[in-house]
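Coordinates in review
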Amino acid sequence: MKILLVNNFFYNRGGDCTYFFALKNLLEKKGHKVIVFSMHHPQNFDSEYSKYFVSYINYPGELESKSISSGLKVLCRSIYSLEAKKKIEALINAEKPEIAHLNNIRHHITTSIINVFKKYKIPVVWTLHDFQLICPNTSFLAKGNICERCKKRKYFWPPIVRCKKSSFLASSMAAVEHTFQWISGIYDLVEVFIAPSDFLRKKFIEYSFAEDRIVLLRYFTDIDLDNEEEKTDNYYLYVGRISEEKGIKTLIDSAVKVKSCKLKITGDGPILKQMITYAKSKDKEEIIEFLGHKMRKDLLELYKKCRFIVVPSEWYEVTGLVVLEAFAVGKTAIG
């Protein structure tokens, strides 16, 4: 079968990308031909299909300028990408996929491509990696607290509470996007949504998604189990995005109280510089080390040598892929 996999990013940026590449490899091992569609990015892996990828846009950079032109550019691109629609059609005509499997597509690729799939009668499956489709802020957080004010499509709330990047402009655009998607009925064109956790599935049903259109199919890991004895070093490990909902600040506050073991923080994200500065102000014993983004093979070595991993999330975590990866190499996970 010819399967078209779609995801915003084509490098190991986070859990959705880890799943995307693991799924791609698994399908290819099963004898399927996998075609990919994504966005250009400086860190992308090579792909024979990259000529069809949509152009790169740096949203934080655009929003920082606070100009009307940048705001309009972000608004138009994040809601409905004519470029993505045009390029996905060219890819379909060239490769003729039999099914499309969407992952994270919001804001960069956008739902504009779904209409093209319907035009060519290509069935669509969509794996839900977060709460983007039902929460304008994607994470059910507002100023650090769990927030579900937008239930029953009350999309006037985001600009009031400024839940998106603490910005009126960003929050307003998120509200406009969700209103547009709801009115357009675009989600009705998707045959099946895949939920990787029972919690996420129930939350989407609670927010009016049809129960018979969301199936539970849990994440998997492609890490090979091995019985090799690895020398354990005296550190524990955080792996993931450096963002507010992941609880990094709370982790730092806790880590500085543990003098007998070091903490290594792996990953990148919007508050990385802020957390490095915060850690320096708290960490007098120099027991916290930020390692930045790591390639997969280097990450596996860190897993194997750590004492345990820690998952300090303060949001509705979908399902921690890092926990599966830690278990695969025989490590304990603390949540």
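Residues numbered from 1 in each chain as written. Predicted model: local features only at pLDDT ≥ 70, side-chain atom pairs only at ≥ 80, totals over all residues. Heavy atoms only, no water.

**Quick word on the side chain of Asn103**
Note on placement: Asn103 falls in the loop between β3 (99-102) and α5 (112-119). If sequence neighbours within four positions are ignored, Asn103 has contacts with Val6, Asn7, Tyr19, Phe20, Trp126, Thr127 and His129. (Helix = DSSP H or I, 4+ residues; strand = E, 2+ residues; numbered from the N terminus. Contact = heavy atoms within 4.5 Å.)

**Describing the packing of helix α9 (residues 248-255) against helix α10 (residues 272-282)**
Two numbers describe how α9 lies on α10: the axes approach to 10 Å, and their chain directions differ by 20°. Compared by their axis directions, α9 and α10 come out roughly parallel. Seen along the crossing, α9 lies across α10 with a hand that is right-handed. The residues of α10 that touch α9, namely those facing Ile248, Lys249, Ile252 and Asp253, are Met275, Tyr278, Ala279 and Lys282. (Axes fitted to C-alpha atoms, helices over the stretch in contact; angles between N-to-C directions. Parallel < 35°, antiparallel > 145°, perpendicular 65-115°, else oblique. Left-handed = near helix turned anticlockwise from the far one by under 90°.)

**Thoughts on the sheet that holds strand β2 (residues 33-37)**
With parallel pairing, six strands are arranged side by side in an open sheet as β2-β1-β3-β4-β7-β8. At either end of the open sheet lies a strand with only one pairing partner, and these are β2 and β8 (214-216). Along the sheet, successive strands turn relative to each other by an average axial angle of 25°, direction set aside. Inspection of the sheet shows strand β1 (residues 2-6) paired to β3 by four bridges, in the parallel sense. Each residue of the ladder has a partner; that of Val6, found in β3, is Leu102. Seen against the sheet, helix α1 (residues 15-29) touches β1, β2, β3 and β4 (124-127) and runs at an angle of roughly 170° to β1. Set on the sheet, α5 makes contact with β1, β2, β3 and β4; between it and β3 the angle comes to about 165°. (Pairing = 2+ DSSP bridges.)

**What about the layout of surface pockets?**
In this structure, the second largest pocket spans a volume of roughly 330 Å³. Contributing to the lining of the second largest pocket are 18 residues, with Arg153, Trp182, Tyr187, Tyr207 and Phe209 lying nearest its centre. Its residues assigned to classes, the lining of the second largest pocket shows nine nonpolar, four polar and five charged. (1 Å grid on protein atoms, 1.4 Å probe; cavity = no way out; pocket = protein on both sides within 12 Å on 5 of 7 lines; lining within 4 Å. Points joined across faces, edges and corners; volume = space filled by probe spheres on them. Nonpolar A, V, L, I, M, F, W, Y, C, P; charged D, E, K, R; others polar.)

**Quick notes on the side chain of Asn44**
By the secondary structure assignment, Asn44 is in the loop between β2 and α2 (59-65). Note on Asn44: relative accessible area 17%, which makes it buried. Of the polar contacts made by the side chain of Asn44, one reaches the backbone nitrogen of Phe10; its length is 3.4 Å. (Buried < 20%, exposed > 50% of the residue type's maximum accessible area, 1.4 Å probe, protein only. Polar contact = N/O pair within 3.5 Å; in protein donor to acceptor, adjacent residues only side chain to side chain.)

**Overview of the pairing of strand β9 (residues 235-239)**
By the criterion of burial, β9 is predominantly enclosed, with five of the five residues buried. Alternating positions in β9 separate into two faces, Tyr235, Leu237 and Val239 on one and Tyr236 and Tyr238 on the other, with burial throughout. When β9 meets strand β10 (residues 262-266), the two strands line up parallel, connected through five bridges. Across the sheet, residue Tyr235 finds its bridge partner in β10, namely Lys262.

**Structural notes on empty space enclosed by the protein**
A full pass over the atoms with the stated rule returns two cavities of 30 Å³ or more. Size it by volume and the largest cavity reaches roughly 60 Å³. Considering the residues around the largest cavity, the lining is formed by 13 residues, among which Cys135, Pro136, Cys147, Arg149 and Cys150 are closest to the centre. Tallied by class, residues from the lining of the largest cavity come to nine nonpolar, one polar and three charged. In this structure, the second largest cavity encloses a volume near 40 Å³.

Everything listed is a geometric property; what it means functionally is a separate question.
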